[in-house]
Amino acid sequence: MNDDGARIIYINDPEKTNERFEFAGNYIRTSKYTFFTFLPRNLFEQFHRVAYIYFLVIAILNQLPQLAVFGRGASVMPLAFVLLVTAIKDAFEDYRRYRSDKIENNRLAWVLVNDEFQQVKWKHIRVGQIIKVFSNDTLPCDMVLLSTSDPTGVAYVQTTNLDGESSLKTRYARQETQMKNIERDKISGLIKCEEPHRFIYGFQGNMEIDGKRVSLGPLNIMLRGCQLKNTDWVLGIVVYAGFETKAMLNNSGAPSKRSRLETRMNQEIIFLSVCLVALCTIVSICHGIWLVLHKDGFVLMQFYRKEDYSKPRVQNYKFYSWGLEILFVFLMAIIVFQIMIPISLYISMELVRAGQAFYMNQDKNMFDEVSNSRFQCRAMNINEDLGQIKYVFSDKTGTLTENKMEFRCASIAGRDYSSAEENSEDGLSRYPVQGSKQPFRLKMKVNVDPELSRLSQYRNSDEGRCVQDFFIALAACNTIVPVTVDTPDSSVKLIDYQGESPDEQALAYAAAAYGFALVERTSGHLVIDIHGDRIRFDVLGLHEFDSDRKRMSVVLGYPDKTVKVFVKGADTSMFSIMDRSQGSSMLASTAEHVHLYASKGLRTLVVGVHELSSYEFEHWQSSYQAASIALVGRAALLRRVANNIEHNLCILGASGIEDKLQQGVPQAIDCLRTAGIKVLVLTGDKPETAISIGYSCKLLTSDMSQLVINSNSKDSCRKSIIDALAMLKKLATDSPDTQGGDVQVALIVDGTSLVHILDTELEDDLFRLSSMCSVVLCCRVAPMQKSGIVAMIKKRTDDMTLAIGDGANDVSMIQMADVGVGISGQEGRQAVMASDFSMGQFRFLVPLLLVHGHWNYQRMSYMILFNFYRNAVFVLILFWYVLFTGFTLTTAITEWSSLLYSVLYTSFPTIFVGILDKDLSRKSLMKQPQLYGVGQREENYNRTLFWLTMIDTLWQSLAAFFLPFIAYWGSAIDSSSLGDLWVIAAVIMVNINLAMDVHRWHWAIHSAIWGSIIATFVCVMIIDIVPSMPGYWAFFHVAKTELFWVCLAIVTVAALIPRFVAKVCIQLFWPSDIQIAREVEKFGNPLENQVEMIEILDPPRR
């Protein structure tokens, strides 16, 4: 082995280990900042938002004397406020991480130092040291197991902190080190292993000790963060520490995504920027014209005086030339009109999303009592995307089903034993292990077939031996850990089979129920209690399941020195490696039974055995050992060795396991489809199983035609798709009532076909075909194929996609979709850790999308449009005033009122409305799933609504400016007093506008709206009592006149009348689905609760 490609560790010699390369220490830091780097790094991260850079440039321009429109300090306040709030939030979050890191780094571990174990802080542990860990302690680093308190070298760990799985996993010490007394005798040796990587289930290495080289694999390493269970102590050698441990390499949050609404919002901000430049250009051009018309008066004119006569020598004063004056006015206009780009919108969106996430997390209707888990919002920045989903991609096992497997039936030696399934209610369920001398009870209930139970006790007949081999295969061909638990009855023990796969657990329990109980497992042997006789089998080798072979095998050495390889796997991979010269009728019968079980919705596995000759065994053993110690390409070598031994099998039989549907799945799928969401199920099961489950969960119906694409070549796939498209066109022609392009046809695609379709020109045809079908079911798909199908849809449509799954094989699909949802189920938390949202049951997807998704989309859409409106109306008021001041950018409104308008006067009401407002109740949204189409059709936020809002804004700004302007024309009122009137009028108008659109009042919304109006009066008065401010006492001069209060009332009414009339007319003559549902909700429906919705067809597909 090449030393350059491996990590070399000298056992119990950290100095020599770190001599050539200084490996990472065990100190960790998950906090992002230090005391010195916080300010520059946090500012750098915040200024990734282009809007922040824009406001920074504005603040810098305002510092120049020629452009100083506002006070230099005041101009920085809005940006400084937003930056400060965000920085405080980031600092608090990072301080929590810092405290957690400090606690973690200062924990104590027992380390072998100078031939005795001493307590050392975790952060001081080094690669090459020997660690001792006691029961229930957490492992401080990644270490190769050397010895355990169990004489057989077995240790049990719980990996909940690493992958969320609560079941115990077995780890083994090599017998070469297990036999040594490490605490008494000095141990030396060498470990060569691969460089650190993120894959928590992979490890390759070998150990040289006492002149012998032994292989190391995933079962020989214990990872940081795991807890030692059911084992008194273990000793291990540190191979990865600190940031190089797998736990730290995987320490990344949910993927960062940007919502569709925010992307569209950025486009509107570009339009607003164009409008801003247009306003500034108009002002600067008009100013240039004004300069030309008044050029003769510049000698003594205020602001533009060309000559200074205060000194004996006449010299130029402050006139910079016409070109520079026009440029300065343009830049000053940008400063004055800066809030056209709403900086407060970003912080408002963050606060609203946090509030929405809080209410989603606290929703009791999405609390799973079975797993005691709440809904979790892991990516708040895409809350509103939940209201626009068009495609849902779902895994089957563990997502639609419970992933709690129950053994139902078996086919052994060509004979079907399914009476246990048929008579599951007849009291045949058994807990005790049959025939065992020591009483055992099983943790899981198993339905036992009486005939098969009787036959399993006879070993002399061929059929009896076949039954015995079948159940030995079920008990041995797995990675199950048998754990014995005490019961209230001291004479009876409880067997709990811990394992990573629910399938393996169900098969092990079934074997035990028929009298073949796995009672002990080590790295080198296992013990099976066969009807009271404990028989020890040597585990000579184990080829674990992989997605290429789709099977696993174990090589067992019998007490009589015979060697057998037991293999179990999917029928597609098993029947091809059977010895067809022996029992062809048995093969045919078993295949028929497998098809029968699959049609009932059962998961099937085929089991076979082959007795190895001495030559076959020796050849396999040498190849297996060579592949096991290889560092480069070990997996491929082991796969090749497995393929060489897994052939010419004698078929034993097949098993049928039931995976029951989760509660409420049929109703959930029906509800989603009614809402216009297309559900695609992507599963690794065979087509018959998937189709059966499809009928159970109402994905498939009896009146639905089925199109099956199951081809083994690209040409045949092309022909199948062309034929299917022709059939669909014919069906669409024959069914004129078909709407939106969907016909009642289910498309069923096999994974083999997808190999020839994905990433080829056939993708377009498959997309076209799937778009025309109402249901798509993909079977036998690999994890990357799931991701490929999602990518195919995303590339060819603008519709939003959601992927939901529960296992590691769903991670790529979840991350590819616009929205990823993880189910915290039986397969660990890999899917949850990669997801944007997590929940306990599939049925919670309905309230998440139809209720919270609808609310979030409606609220956020309104809030964005409202922020554009409130800022634009204020800018336009400033713009109209500029037209009457010689285009000099002098403002009647004080600088502090200009800056506080968007930050304080009008921001809080929109935040509370964005969190609390509800256009419809939960009951109405759940009762009428069609209402979800509002988000799919983008009815609440689109380009048309944006420009209608801007037109309304234009009118309101004209009313707000010119009505007071005309009312006070010719009066002695000063501009500052008029400015205060315009500010207060704008705030009242904007908040009343908001109040008109509130659907459901809440005390917090009342407080925010009316409190903002009161706060504006108070702030204006405070600003005007400061003597140094230009508008000193202005408010009190104007407020004592009746005309002031009359203007406020007239402005509000005149500005909002067109909007009010438009809302009334639309609701009377062109009501939307939402408005009809609100009226039904408020007044009831006289037509027997049958609400006639406006029929809106989906737009034509591209």
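Since this is a predicted model, take the numbers as computed values, not measurements. (Residues numbered from 1 in each chain as written. Predicted model: local features only at pLDDT ≥ 70, side-chain atom pairs only at ≥ 80, totals over all residues. Heavy atoms only, no water.)

A. Main features of the overall build of the protein. Each helix and strand in the protein was counted, giving 37 helices and 37 strands. Along the first, second and third principal axes, the C-alpha atoms of the protein reach 125 × 80 × 60 Å. Counting across all 1102 residues of the protein, residues that qualify as buried make up 54%. Of the contacts made within the protein by residues no fewer than 6 positions apart, 73% connect residues no fewer than 24 positions apart. Summed over its atoms, the accessible surface of the protein is roughly 47500 Å², and 57% of this surface lies on carbon and sulfur atoms. Looking at charge distribution, the protein has the averaged site of its 108 positive side-chain charges lying 4 Å from that of its 116 negative ones. (Helix = DSSP H or I, 4+ residues; strand = E, 2+ residues; numbered from the N terminus. Buried < 20%, exposed > 50% of the residue type's maximum accessible area, 1.4 Å probe, protein only. Contact = heavy atoms within 4.5 Å. Areas by Shrake-Rupley, 256 points an atom, 1.4 Å probe, with all protein chains shown as cover. Lys, Arg positive; Asp, Glu negative; His and termini not counted. Charge placed at Lys NZ, Arg CZ, Asp CG, Glu CD.)

B. Region of the structure containing the pairing of strand β27 (residues 551-557). Of all the seven residues making up β27, seven are buried; the element is thus mostly covered by neighbouring parts of the structure. The alternating pattern of β27 places Arg 551, Ser 553, Val 555 and Gly 557 on one face and Met 552, Val 554 and Leu 556 on the opposite face, and all of these are buried. By the bridge criterion, five bridges tie strand β26 (residues 533-543) to β27 in an arrangement that is antiparallel. The partner of Asp 538 across the bridge, within β27, is Gly 557. (Pairing = 2+ DSSP bridges.)

C. Region of the structure containing helix α16 (residues 584-599). Relative to the 22 Å expected for 16 residues at 1.5 Å per residue, α16 spans 23 Å between its end C-alpha atoms, a close match to the ideal helical length. For α16, the complete set of buried residues consists of Leu 587, Thr 590, His 593, Val 594, Tyr 597 and Ala 598. For α16, the buried positions fall inside an angular range of 135° around the axis, keeping them on one side. Among the exposed residues of α16, those pointing more than 90 degrees away from its buried face are Ser 584, Ser 585 and Glu 592. (Expected span 1.5 Å × (residues − 1). Arc of directions from axis to C-beta.)

D. Spotlight on the sheet that holds strand β10 (residues 212-216). Within the open sheet, the four strands sit side by side as β1-β8-β9-β10. Their pairing is antiparallel. The two strands at the open ends of the sheet, each matched to only one other strand, are β1 (7-10) and β10. Sheet twist, expressed as the average angle between the axes of neighbouring strands with direction ignored, equals 20°. Bridge count for β1 against strand β8 (residues 190-193) is four bridges, and the pairing is antiparallel. In the strand pairing of β8, Arg 7 is matched with Cys 193. (Axes fitted to C-alpha atoms, helices over the stretch in contact; angles between N-to-C directions.)

E. Representation of the pattern of salt bridges. On inspection of all chains with the given rule, the structure shows 48 salt bridges. The residue Arg 7 makes a salt bridge to Glu 244 at a minimum N-O spacing of 2.6 Å. Here Arg 7, found in strand β1, pairs with Glu 244, found in the loop between β13 (233-240) and α7 (246-249); they are 237 residues apart in sequence, far enough to count as distant. For Arg 7, a relative accessible area of 1% puts it in the buried group. Note that Glu 268 is salt-bridged to Arg 943, the shortest N-O span being 3.4 Å. With Glu 268 in helix α8 (residues 260-293) and Arg 943 in helix α32 (residues 943-967), the pair connects residues that are 675 residues apart, well separated along the chain. Classification of Glu 268 as buried rests on a relative accessible area of 2%. Here the salt bridges do not stand alone but share partners, grouping Arg 415, Glu 451, Arg 454 and Glu 463 into one network. (Salt bridge = Lys/Arg side-chain N within 4 Å of Asp/Glu carboxyl O.)

F. Looking closely at the environment of Ser 589. With respect to the secondary-structure elements, Ser 589 resides in helix α16. Of the residues examined, Ser 589 reaches a relative accessible area of 23% and is grouped as partly exposed. Between the C-alpha atom of Ser 589 and that of Gly 653, which follows or precedes it by 64 residues, the distance is 9.5 Å.

G. A look at the nonpolar core. Counting residues in each nonpolar core, the largest one holds 106 residues, and the members touching the most others are Met 265, Phe 337, Ile 864, Phe 868, Tyr 901, Trp 982 and Phe 1044. When residues in this core are grouped by element, the largest group, 20 residues, is from helix α27 (residues 845-882). Each residue touching Phe 1044, except ones within four places of it in the same chain, is listed here: Tyr 968, Leu 981, Ile 984, Phe 1035, Val 1038 and Ala 1039. Formed by 53 residues, the second largest nonpolar core is a distinct cluster that contains Tyr 417, Phe 470, Met 552 and Leu 556. (Core = buried A, V, L, I, M, F, W, Y, C linked by side-chain atoms within 4.5 Å.)

H. Structural view of the side chain of Asn 867. Within the element layout of this structure, Asn 867 appears in helix α27. Residues in contact with Asn 867, not counting those within four places in the same chain, are Pro 342, Ser 344, Leu 345 and Thr 910.

I. Seen up close, the sheet that holds strand β5 (residues 142-148). Taken together, six strands build an open sheet; the order of strands is β3-β2-β4-β13-β5-β11 and the sheet is antiparallel. A single partner strand is all that each edge strand has here, and the edge strands are β3 (116-121) and β11 (221-222). As paired strands, β5 and β13 are joined by six bridges and run antiparallel to one another. In the strand pairing of β13, Ser 147 is matched with Leu 235.

J. Expanded view of the packing of α8 against helix α10 (residues 343-361). Look at α8 against α10: their axes get within 13 Å of each other, and the N-to-C directions meet at 165°. Here α10 runs roughly antiparallel to α8, going by the angle between their axes. Seen along the crossing, α8 lies across α10 with a hand that is right-handed. Contact residues: Glu 262, Met 265, Asn 266 and Ile 269 in α8; Leu 345, Tyr 346, Met 349 and Arg 353 in α10. Residues belonging to the contact of α8 with α10 are distributed by class as follows: five nonpolar, one polar and two charged. (Parallel < 35°, antiparallel > 145°, perpendicular 65-115°, else oblique. Left-handed = near helix turned anticlockwise from the far one by under 90°. Nonpolar A, V, L, I, M, F, W, Y, C, P; charged D, E, K, R; others polar.)

K. Just the packing of aromatic side chains, in detail. Counted according to the given criterion, the structure contains 44 aromatic pairs. For the ring pair Phe 1017 and Trp 1045, a centre distance of 6.0 Å and an interplane angle of 15° mean the geometry is stacked. One end of the pair, Phe 1017, is in helix α34 (residues 1003-1024); the other, Trp 1045, is in helix α36 (residues 1042-1069), and 28 residues separate them in sequence. Under the relative-accessibility criterion, Phe 1017 is labelled buried at 17%. One aromatic cluster is present, built from ring pairs that chain together Phe 337, Phe 879, Trp 880, Tyr 881, Phe 884, Phe 961, Phe 962, Phe 965, Trp 969 and Trp 982. Over the aromatic face of Tyr 10 sits the side chain of Lys 16, whose NZ or CZ is 4.5 Å from the ring centroid. Here the basic side chain of Lys 132 rests over the ring of Trp 233, its NZ or CZ set 5.2 Å away from the ring centre. (Phe/Tyr/Trp six-rings, centres within 6.5 Å; stacked < 30°, edge-to-face > 60°. Lys NZ or Arg CZ within 6 Å of the ring centre and 35° of its normal.)

L. Broad picture of the pairing of strand β6 (residues 154-158). Counting buried residues along β6, four of its five residues qualify, which places the element largely inside the surrounding structure. Here β6 pairs with strand β7 (residues 168-172) via five bridges, running antiparallel. The residue bridging Ala 155 from the neighbouring strand is Arg 171, located in β7. In this sheet, strand β12 (residues 227-229) lies alongside β6 in antiparallel orientation, the contact comprising three bridges. The residue of β12 that forms the bridge with Gln 158 is Gln 227.

M. Representation of a nonpolar patch on the surface in the model. A cluster of nonpolar side chains, namely Val 1053, Ile 1057, Phe 1060, Val 1061, Val 1064, Ile 1066, Leu 1068, Phe 1069 and Trp 1070, defines an oily patch on the protein surface of about 930 Å² accessible area. Given a relative accessible area of 40%, Ile 1066 falls into the partly exposed group. (Patch = residues over 30% accessible without salt bridge, like charges linked within 9 Å, V, L, I, M, F, W, Y side chains within 5 Å.)

N. Broad picture of the confidence of the model for the protein. Per-residue pLDDT for the protein has a mean of 85; in total, 90% of the residues score no lower than 70. Scored below 50 in pLDDT, residues 423-431 shows 19 contacts in the model against residues more than four places distant or in partner chains. Confidence over residues 1088-1102 falls short of pLDDT 50; this stretch has 31 contacts with residues more than four positions distant or in other chains. (pLDDT = per-residue confidence, 0-100.)

O. The arrangement of helix α9 (residues 322-336) in detail. Between its terminal C-alpha atoms α9 stretches 21 Å, which fits the 21 Å expected from 15 residues at 1.5 Å a residue. Residues of α9 that are buried in the fold lie against α3 (50-63), α8 and α27.

P. Just the state of the cysteines, in detail. Within this structure, the stated rule accounts for zero disulfides. Free cysteine Cys 697: the closest other cysteine sulfur is in Cys 779, separated by 12 Å. (Disulfide = S-S within 2.5 Å.)

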